[in-house]
Amino acid sequence: MLESLLLNFLFLLFPVLIFLIFFENKLHTYNKTILILLSSFSMVLCMAFPIKLEIGFIFDLRYIPFIIVALFGGYKYTFPLYLVLNIYRFMIIGGEGTLQSFLFSTAIFILVPLLNKWFFIQNAKKRILGAVFVSIFTIVFYLSTLAAVLPSLNKEFWLLTVNAVPTYSLVMTIIMILIEKIIDNIKTRNSSLESERLDVLSDLSASVSHEIRNPLTVTNGFLQLLNKSETLTGEEKTYIEYALLELKRAENIVSDFLAFAKPQSENMIYSNLKEETEYVKNIITPYANMHQVDVQYSFHNSIFFKYDKNQVQQCLINLYKNGIEAMKEKGGVLSIDVSEQKKKL
């Protein structure tokens, strides 16, 4: 029995190891097809080499890859496994129990993928627990259907139950931990690559911004000197003023672009937004009173993070001003509520 159990476990590890070795760093759309093929192969091997108990019963771990694909992929990716399972069971194995196997697999195929959307948005810990719970439900459901057709629930049946339920739950736990670790490694690698790309883009943007600013500064200086000339007509000085204004606007655009590409470290602070929100509330209150808008403010936040103080203040001013202007015709209440919300990830 132990040898067959370890062999089944090896069959379940097969798709995980193959993906980890050959496909983890090659994220393409065909990977899902490869995973379905590997899962089907693993499921077929489990059925071909079942776990034989000394009491005469046999069972296998075919439904573990079936459940995992159903939870992660839904009906679309589970249907090929459903076909493989029943075709192999009917054409290759055959014998008694084929109809019961078909009805049972159909029930699991209908029920388990319903959890796909809920399962997909959960964190790693909840996904592991959810998969283990579904595997336990599956094997208990199987044992219940088996009990319904047996003439009596003898000692052999209860020994099968004692062996099957812990085996399914333990193996599912191990496989799901490995899968979640692979998913975490992929996310970490992608995050690192994205961070490197952003760093390169920031350096390039900063360099370009500085190069553009240099000729703008020189041109601005010469135009200011030219504007002081006493030989220019009033119309010519007007043109120069327009040119200086446009140069100033261009410099502001470059400054904004530079700040977006690489925020200035001297403006970065580590705080919880209390000082900035109160400051902006105080300077926007007279403007609100002019438009018959009452400002209600509350602050309950203990989360500290790093941000650009000037940009956050400007952002808050724009938000408050937009809210006030939306109510300036009839007045109203501008409610400012800064609070933290606990959420498990």
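Computed from a predicted model, the values in this text were never measured in an experiment. (Residues numbered from 1 in each chain as written. Predicted model: local features only at pLDDT ≥ 70, side-chain atom pairs only at ≥ 80, totals over all residues. Heavy atoms only, no water.)

Looking only at helices and strands, one finds 11 helices and six strands in the chain. Counting only residues that meet the buried cut, the chain has 37% of its 345 residues in that class. Within the chain, contacts between residues at least 6 apart in sequence are counted, and of these 76% link residues at least 24 apart. Taken as a whole, the chain presents about 21,600 Å² of accessible surface, with 64% of it coming from carbon and sulfur. (Helix = DSSP H or I, 4+ residues; strand = E, 2+ residues; numbered from the N terminus. Buried < 20%, exposed > 50% of the residue type's maximum accessible area, 1.4 Å probe, protein only. Contact = heavy atoms within 4.5 Å. Areas by Shrake-Rupley, 256 points an atom, 1.4 Å probe, with all protein chains shown as cover.)

Core analysis: the biggest nonpolar cluster contains 50 residues, and Leu-61, Tyr-63, Ile-64, Phe-66, Met-172, Ile-175 and Met-176 have the highest contact counts within it. Going through the elements one at a time, α1 (2-23), α2 (30-48), α3 (63-73), α4 (75-93), α5 (98-111), α7 (124-149) and α8 (155-227) are the ones with two or more residues in this core. The dominant element in this core, judged by the number of residues it contributes, is α8, at 10 residues. Met-172 has contacts with Ile-64, Ile-67, Ile-68, Ala-131, Val-132 and Ser-135, leaving out every residue within four places of it along the chain. Judged by nonpolar contacts, the second largest core, of 16 residues, contains Val-295, Phe-299, Leu-316 and Ile-336. (Core = buried A, V, L, I, M, F, W, Y, C linked by side-chain atoms within 4.5 Å.)

Across its 14 residues, α5 extends 20 Å between first and last C-alpha, which sits within 8% of the 20 Å expected from 1.5 Å per residue. The set of residues buried in α5 consists of Thr-98, Ser-101, Phe-104, Ser-105, Thr-106, Ile-108 and Phe-109. (Expected span 1.5 Å × (residues − 1).)

Topologically, Asn-220 is positioned in helix α8. By relative accessible area, Asn-220 is classed as buried at 13%. Only 2.9 Å separates the side chain of Asn-220 from the side chain of Gln-224, close enough to count as a polar contact. Setting aside chain neighbours within four positions, we find Asn-220 in contact with Leu-244, Leu-247 and Glu-251. (Polar contact = N/O pair within 3.5 Å; in protein donor to acceptor, adjacent residues only side chain to side chain.)

This part covers the side chain of Arg-62. Along the chain, the position of Arg-62 falls in the loop between β2 (58-59) and α3. On the basis of relative accessibility, which here comes to 13%, the residue Arg-62 falls in the buried class. A distance of 2.8 Å separates a polar atom in the side chain of Arg-62 from a polar atom in the side chain of Asp-60. Sequence-distant contacts of Arg-62, that is, excluding residues within four places in its chain, are made with Met-43, Cys-46, Met-47, Leu-85, Arg-89, Ser-101 and Tyr-168.

Time to look at the packing of aromatic side chains. Tallied over the full model, the rule gives 15 aromatic pairs. Seen from their ring centres, Phe-137 and Phe-141 are 5.9 Å apart, and the 20° between their planes marks the pair as stacked. Taken together, the positions of Phe-137 and Phe-141, both in helix α7 and four residues apart, correspond to about one turn of that helix. The exposure class assigned to Phe-137 is partly exposed, which follows from its relative accessible area of 39%. Of the residues examined, Phe-141 reaches a relative accessible area of 26% and is grouped as partly exposed. By the ring-pair criterion, three or more aromatic residues cluster together here, those being Tyr-63, Phe-66, Phe-104, Phe-137, Phe-141 and Tyr-142. (Phe/Tyr/Trp six-rings, centres within 6.5 Å; stacked < 30°, edge-to-face > 60°.)

Quick look at the packing of helix α10 (residues 274-290) against helix α11 (residues 309-326) now. A pair of packed helices is characterised by two quantities: the angle between their axes and the separation of those axes. Their axes nearest at 9 Å, the elements α10 and α11 cross at an angle of 35°. Crossing of α10 against α11: the hand is right-handed. In this structure, α10 contributes Glu-275, Glu-276, Thr-277, Tyr-279, Val-280, Lys-281, Ile-283, Ile-284, Tyr-287 and Ala-288 to the contact, and α11 contributes Lys-309, Val-312, Gln-313, Leu-316, Ile-317, Tyr-320, Lys-321, Ile-324 and Glu-325. The residue makeup of the contact of α10 with α11, split by class, is 11 nonpolar, two polar and six charged. (Axes fitted to C-alpha atoms, helices over the stretch in contact; angles between N-to-C directions. Left-handed = near helix turned anticlockwise from the far one by under 90°. Nonpolar A, V, L, I, M, F, W, Y, C, P; charged D, E, K, R; others polar.)

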